[in-house]
Amino acid sequence: MLTPAFDLSQDPDFLTIAIRVPYARVSEFDVYFEGVDFKFYAKPYFLRLTLPGRVVENGMEQGSYDTDKGIFTIRLPKETPGQHFEGLNMLTALLAPRKSRTAKPLVEEIGASEVSEGGVEDEDEEFDWEIEQSPYEEASESALNPQYCYGFGNLRSGVFQRLQDELSDVIDIKDPDFTPAAERRQKRLAAELAKFDPDHYLADFFEDEAVEQVLKYNPWWTDIYSEMMASLGKSQEQENHAALVCFSEEEKYQLRKFVNKSYLLDKRAHHQVYYSLIDILLAYCYETRVTEGEKNVESAWNIRKLSPTLCWFETWTNVHEILVSFGRRVLCYPLYRHFKLVMKAYRDTIMILQLGKSAVLKCLLDVHKIFQENDPAYILNDLYISDYCVWIQKAKSKKLAALAEALKEESLTKAQLGLDLEELEAAALLVQEEETALKAAHPMSRQQTPSSSPEASDSEESDSTTSSETEGSDSEQGELTGSESETADPLQVSSPEGRSALLIVAGGVCRNSATETSDGSPGKPPASSQALRGCRPLIEELGEHLNSTVQVSEPEDSAAGRHSTMQDRVDRQTPSDGRQAVFPTIEK
């Protein structure tokens, strides 16, 4: 027989059961219901449910069949109209057969007074979250090679003896079957201290743009929690808020595949189950937030690495040490290592627990899917997550509410993590302030020095340029003056018109004769003088170069000596402004 896909819903007066049976004959099906029992048969499908409330056959029951979708829809009247049936989405629990009604139990526990019949504590009993302490007892010598337990409720042992090849890819502890709980904790704390990187932590502390973006993300439970707080009164909160959590078809398929079990757990085991549930939910909330709901190849690694329950098979004695361990691992292993993420995951876990077991089951199903798709991590499903998915469907809502309150009362500070975070931050802030002060001092000196030095350098350049130009012009003129006596005679040409002159321009010599007529009136300048006038614009365009001209003439009636003429010529030299320097004539 095949178990068909089914879904349950309700209104104040009716319970509706939708059963998907494709390829079944409509003419051949049977439906039976009485009290909390419901049975449906349509070859080759068979469905048996244990309903969370009683239904009655009073002639108001209805049934229909959708041939296109292959779905039977059956509406059953409630025995008590207006009654709310809890746990309609706990499909695995609904598939369980009813307990035996015989007076004598099939399995009887001797001396387990704190556990009621069936292994479940009484609903009205107040749950005490303190672990009972027992005096130290010396181990007997006969126990030479004891095997230590782990897994859900510490019910497993010897699993990793046959899985040595996959051990290092799943957990951090090397030999869990022969390592006691106290030694596991010591090794875990040492590994965390060795892994902690102050540089990575300070980098995320100061450059927290990515962390702030992650903190703004709202996962699916935040909207449900806001809707629950806004629309439901406090008296109705425990009854109706589970209906706000919806399961997808894939999640419903996961629930139908689980094998229903009953767990016989003593009080200590019950505490460990609830405490480990907090640890797993903290890791899941961190992973969902940092990936913004988009799972990736690192999701399985993140969850199992941040949960000491999954990575070290850790056992707990109180809620506070769970928070401390989770905070240390967040600051040691994942990509984003910030204390704000620790506190955000802590608040998210409180929300999920307050939403009830439907929200917790949805988170566990997501973890189960992540591990199932990761090759080595599927072992953790067999050890923990599958059992949690079955167990949580039968857990008491009051216990989860009490666990949420116990978690809400706890607080966590950086000093409690034992990683010297406050000292690191204080030292880093001091260094940052010193660097800021140095940077503030250097720009002032840079602003003062460049503002004065360019002017000084410019003035020095102009002074040096002026002096060099002056020296160059003096030397050039000196050379020209000294060479006059040597070149004047060979270049002097007597002319009947009167006087002739040599014109020296920029180190070059050309003839520039201004002729006079017999009556003393100036004549037409020769062609060389006209050529010089054409060259003057070019000389003026050269800028800073000094151009000087020397005019030497020999009047007919002058008999003055060369020495006095040279001295007068130097005294009458014009400034170096690019104009011609006119010297007195030298007569022969």
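What counts and what doesn't
- Residues numbered from 1 in each chain as written.
- Predicted model: local features only at pLDDT ≥ 70, side-chain atom pairs only at ≥ 80, totals over all residues.
- Heavy atoms only, no water.
- UniProt positions renumbered as here; feature names shortened; annotations may be inferred.
- Salt bridge = Lys/Arg side-chain N within 4 Å of Asp/Glu carboxyl O.
- Helix = DSSP H or I, 4+ residues; strand = E, 2+ residues; numbered from the N terminus.
- Buried < 20%, exposed > 50% of the residue type's maximum accessible area, 1.4 Å probe, protein only.
- Pairing = 2+ DSSP bridges.
- Axes fitted to C-alpha atoms, helices over the stretch in contact; angles between N-to-C directions.
- Left-handed = near helix turned anticlockwise from the far one by under 90°.
- Contact = heavy atoms within 4.5 Å.
- Nonpolar A, V, L, I, M, F, W, Y, C, P; charged D, E, K, R; others polar.
- Parallel < 35°, antiparallel > 145°, perpendicular 65-115°, else oblique.
- Phe/Tyr/Trp six-rings, centres within 6.5 Å; stacked < 30°, edge-to-face > 60°.
- Lys NZ or Arg CZ within 6 Å of the ring centre and 35° of its normal.

An unreviewed UniProt entry lists the chain under the name Protein SHQ1 homolog, with Neovison vison given as the organism. The UniProt entry for the chain carries this comment under Function (unreviewed entry): "Required for the quantitative accumulation of H/ACA ribonucleoproteins (RNPs), including telomerase, probably through the stabilization of DKC1, from the time of its synthesis until its association with NOP10, NHP2, and NAF1 at the nascent H/ACA RNA." Per UniProt, the comment on the chain under Subunit (unreviewed entry) is "Directly interacts with DKC1 alone, but not in the context of the core trimer composed of DKC1, NOP10 and NHP2, nor in the presence of NAF1. Does not interact with NAF1."

## Concerning the pattern of salt bridges
By the definition in use, this model includes 20 salt bridges. Measuring nitrogen to oxygen at the nearest pair gives 3.2 Å for the salt bridge that ties R54 to E79. Residue R54 is located in strand β4 (residues 45-55), and its partner E79 is located in the loop between β6 (71-77) and α1 (91-94); the two are separated by 25 residues in the primary sequence. You can call E79 partly exposed: its relative accessible area is 40%.

## Thoughts on the sheet that holds strand β1 (residues 5-10)
Read from one edge to the other, the open sheet built from 4 strands follows the order β1-β2-β6-β5, with strand pairing classed as antiparallel. At either end of the open sheet lies a strand with only one pairing partner, and these are β1 and β5 (62-66). Ignoring which end each strand starts from, the neighbouring axes of this sheet average 15° apart. Pairing geometry for β5 and β6, over 5 bridges, is antiparallel. Directly across from Q62, in β6, lies its bridge partner R75.

## Regarding the packing of helix α10 (residues 299-306) against helix α14 (residues 357-372)
For the pair α10 and α14, the least separation of the axes is 9 Å and the interaxial angle reads 115°. Once α10 is placed against α14, the crossing between them reads as left-handed. Residues S299, A300, I303 and R304 of α10 pack against V367, I370 and F371 of α14. Residue classes in the contact of α10 with α14 are distributed as 5 nonpolar, 1 polar and 1 charged.

## Quick look at the side chain of E251
For E251, the location among the structural elements is in helix α8 (residues 249-257). You can call E251 buried: its relative accessible area is 12%. Setting aside residues up to four positions removed in sequence, E251 forms contacts with C246, K362 and L365.

## Considering the environment of F247
Among the structural elements, F247 can be located in the loop between α7 (234-240) and α8. With a relative accessible area of 11%, F247 lands in the buried category. For the pair F247 and S358, spaced 111 residues apart in the sequence, the C-alpha separation amounts to 8.9 Å. Setting aside residues up to four positions removed in sequence, F247 forms contacts with N89, K252, S358, L361, K362 and L365.

## Structural notes on the side chain of Q354
Within the fold, Q354 resides in helix α13 (residues 339-355). Given the relative accessible area of 14%, Q354 is considered buried.

## Side note on the packing of α14 against helix α15 (residues 378-391)
The geometry of α14 relative to α15 is characterised by a closest axis approach of 10 Å and an angle of 165° between their N-to-C directions. It follows from the interaxial angle that α14 and α15 lie roughly antiparallel. Handedness of the crossing formed by α14 with α15: left-handed. Every residue of α15 that contacts α14 at L361, L364, L365, V367, H368, F371 and Q372 is listed here: Y378, L380, N381, I385, S386, Y388 and C389. Taken together, the residues of the contact of α14 with α15 break down into 10 nonpolar, 4 polar and no charged.

## Description of the packing of aromatic side chains
Aromatic rings in a pair are described by how distant their centres are and how their planes are angled relative to each other. Tallied over the entire structure, the rule returns 16 aromatic pairs. For the ring pair Y274 and W391, a centre distance of 5.1 Å and an interplane angle of 75° mean the geometry is edge-to-face. Pair noted here: Y274 is in helix α9 (residues 267-290) and W391 is in helix α15, with a separation of 117 residues, a long-range link. On the basis of relative accessible area, Y274 is assigned to the buried category, the value being 3%. The class of W391 is buried, set by a relative accessible area of 8%. Plain terms: the ring middles of Y388 and W391 are 5.9 Å apart, the flat faces sit at 85° to each other, and that makes the pair edge-to-face. Highlighted residues: Y388 and W391, both in helix α15, separated by 3 residues, approximately one helical turn. Looking at Y388, the relative accessible area reads 1%, which means it is buried. Aromatic ring contacts, followed pair by pair, group F152, Y263, Y274, Y388 and W391 into a single cluster. One Lys or Arg, R75, reaches over the ring of F14 and ends 4.5 Å from the middle of that ring.

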